[in-house]
Amino acid sequence: MDAKTADAATTDTLDPVTKTVIWNKFLSISREMSTIIERSSQNFVTAELHDFCVGLFDTQGRSIAHYVGLPGQIGAGSLQVKALLKRFPGQIEPGDVFIMNDPYKGFGTHLPDITLFYPVFHEGVLVCLAMARGHQEDMGGSLPGGYFPGAYDIHAEGLVIPPTRIYARGEETPVYEFFLNNIRFPDGMRIDNAAMIAAMKVAERRLVEMLNQYGREPLLRYIDDMIDSTERAVRKEIALIPDGVYRTEAATDDDGTNFDVPVWVRCTLTVKGDTLTFDFTESDKQVSFVNCPLSATYASVYSAVFTALSAEISSYHNEGSYRPITIIAPPGSCVNPVYPATVGAAPISMGTQVLECAAEALSKAVPKNICAAWARHYGCGLIGTDPRSNERYVFLAHVSDGGSGAIWGYDGWPHISPWVCGGELVRAPVEMLETYYPWFITRYELTTDSGGAGRYRGGLGIYWEAVNRGSPAILLTGDSDGDVTRGYTVLGGHAPHFFNKLTVTQPGGVETQVRAHRQAKVGTNDILIQRTAGGCGVGDPRERDAEAVLSDVVNEYVSLERAENEYGVVIDAATMTVDMEATAARRSAAK
């Protein structure tokens, strides 16, 4: 937001240039926190995949600066701060560190997502709280990793931690040692938490510098105005969406307990003036494993809305962005489960369906403002022993995700799913995978014809193949999805022509498919293959520029056969040129 934009939304008593500087300083602090965690963490999921986020909040629990990290976690922070402040009223001291992951008492997303908070004081007054959240390799429970279906209740999934103080005035508390003693990789957890605490301490230093420079009361007034400004900007964008009622639904394959029974999320969006109401009342009741906690439901809805708004405000979302949005999620439903329901697959498996419902509803109102559905997440967890060290490992193999959906004017991006991560989940290099884990990757490539066809094509999916060089392992397809279900298209675009698929091939050649939300065994020298579909298309494929289709064929994104049959583009295989006359005839005949 530049000074001119800020000026239009700044009160008369506040300087718009100063406001812009302060606003961007807050964003800079969040980015610095993110960099520290990325470069200091030892956890593969955090350091390599970037499954973490950071944020800054005031003492009312309001988000000050837009999160840096996974958008699928953006709804949790404010709820968690408020839960923390409620549990420790007037009892927070300088140097304290708090931890939580409880979906019911601490508004966590799922148990592996550990959230830490660190208070920032100025002249003895609590002013802000810094947050760091990261996905950990293990939280206890009956199996490592946290992505296993069929747990009896949430306690079987791992340690359930309400807002808890683990450092008191800079000193470690006994409860922290108790916590570390009940997980499988305590040394790694301690290192990761130390990285997160270090990042928050840097945020403290930067914030105190700002408080000294601008003064506490003036800075707090600027924060209020920033939040109000964002609310006005978001309401202005929402007012451009046509009023109406838009209904959608999306399903996950099953819940890992009742096999082959889809679990449905249903949404009714009401657009009225400058407000949006997302009502999930008709969604299925809570089930097992794939339930989406309220914080993750909020995050998924916000992610959908923010992608439909102007990119000019995309970096400036804060508490004000949430005010025009009402979310109705009945307790006891799959989008707001109640204790002791299991939630291991969230926020991805059912969070994706929440996001798809919200986004598809918006696409019915403003179809050129929002993308078609992304590929459903497809990865697995592998639990075994590495013969190089004789140590246990948990390999969250999120290595084969498909592409994003297209949006009007642009093709989808390949190999970037899941949607709830918004493209922030990074793919580790093959060399790093083979360094961390006893798996030898033999193929890793984009798959021809995997993107949904359209005037704008969906991003491509992946073919990933690896050999188990370690001990016999447990395979968990945990939060995967899309063996039999997929998302929506926009304006006549097409969905991919095949679904996700994971297989295990034994040395003798016997191949077995392992569905999403399942558990299987993988022997030494077994071959694991993951094939993923791409994102969905936007617009009629036969309206795609013929030269763009030719380029896709040359780059092996699209086959000659599909170019002709789905896009109506006839290409001479010998000269690799478009037969314009035959193309025109074929496209005309299809109308």
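We now turn to the structure provided with this report. (Residues numbered from 1 in each chain as written. Predicted model: local features only at pLDDT ≥ 70, side-chain atom pairs only at ≥ 80, totals over all residues. Heavy atoms only, no water.)

Right, let's get into the sheet that holds strand β18 (residues 511-513). One key point about sheets: their strands pair by backbone hydrogen bonds, in either a parallel or an antiparallel sense. The sheet built from five strands is open, its strands ordered β14-β15-β20-β17-β18 with antiparallel pairing. A strand with exactly one partner marks an edge of an open sheet, and here the two such strands are β14 (439-446) and β18. Averaged over all pairs of adjacent strands, the angle between their axes in this sheet comes to 15°, without regard to strand direction. As paired elements, strand β17 (residues 501-505) and strand β20 (residues 527-531) share five bridges and run antiparallel to each other. Residue Thr 505 lies in a different strand from β20, and its bridge partner there is Ile 527. (Pairing = 2+ DSSP bridges. Helix = DSSP H or I, 4+ residues; strand = E, 2+ residues; numbered from the N terminus. Axes fitted to C-alpha atoms, helices over the stretch in contact; angles between N-to-C directions.)

Two numbers describe how helix α2 (residues 16-40) lies on helix α7 (residues 186-214): the axes approach to 8 Å, and their chain directions differ by 160°. On the basis of their axis angle, the class for α2 and α7 is roughly antiparallel. As for the relative orientation of α2 and α7, their crossing is right-handed in sense. Two secondary-structure elements touch here, α2 through Thr 18, Val 21, Ile 22, Lys 25, Phe 26, Ile 29, Glu 32, Met 33, Ile 36, Ile 37 and Ser 40 and α7 through Ile 191, Ala 195, Met 196, Ala 199, Met 200, Val 202, Ala 203, Arg 206, Leu 207, Met 210, Gln 213 and Tyr 214. (Parallel < 35°, antiparallel > 145°, perpendicular 65-115°, else oblique. Left-handed = near helix turned anticlockwise from the far one by under 90°. Contact = heavy atoms within 4.5 Å.)

Put simply, the largest pocket is a space of about 900 Å³. In terms of lining residues, the largest pocket is bounded by 35 residues, among which Pro 71, Thr 307, Ser 314, Gly 422 and Glu 424 are the most central. Contributions of two or more residues to the lining of the largest pocket are made by α2, β2 (63-69) and α9 (294-308). It is β2 that contributes the most residues to the lining of the largest pocket, four residues altogether. In terms of residue class, the lining of the largest pocket is built from 17 nonpolar, 15 polar and three charged. Volume-wise, the second largest pocket comes out at about 410 Å³. Together, 17 residues line the second largest pocket, and Glu 137, Phe 185, Glu 391, Arg 392 and Tyr 393 are the ones closest to its centre. Contributing elements (two or more residues each) for the lining of the second largest pocket: α7, β13 (391-397) and α12 (430-436). Across the lining of the second largest pocket, the residue classes break down as seven nonpolar, four polar and six charged. (1 Å grid on protein atoms, 1.4 Å probe; cavity = no way out; pocket = protein on both sides within 12 Å on 5 of 7 lines; lining within 4 Å. Points joined across faces, edges and corners; volume = space filled by probe spheres on them. Nonpolar A, V, L, I, M, F, W, Y, C, P; charged D, E, K, R; others polar.)

Any link to function would need more than the numbers given here.
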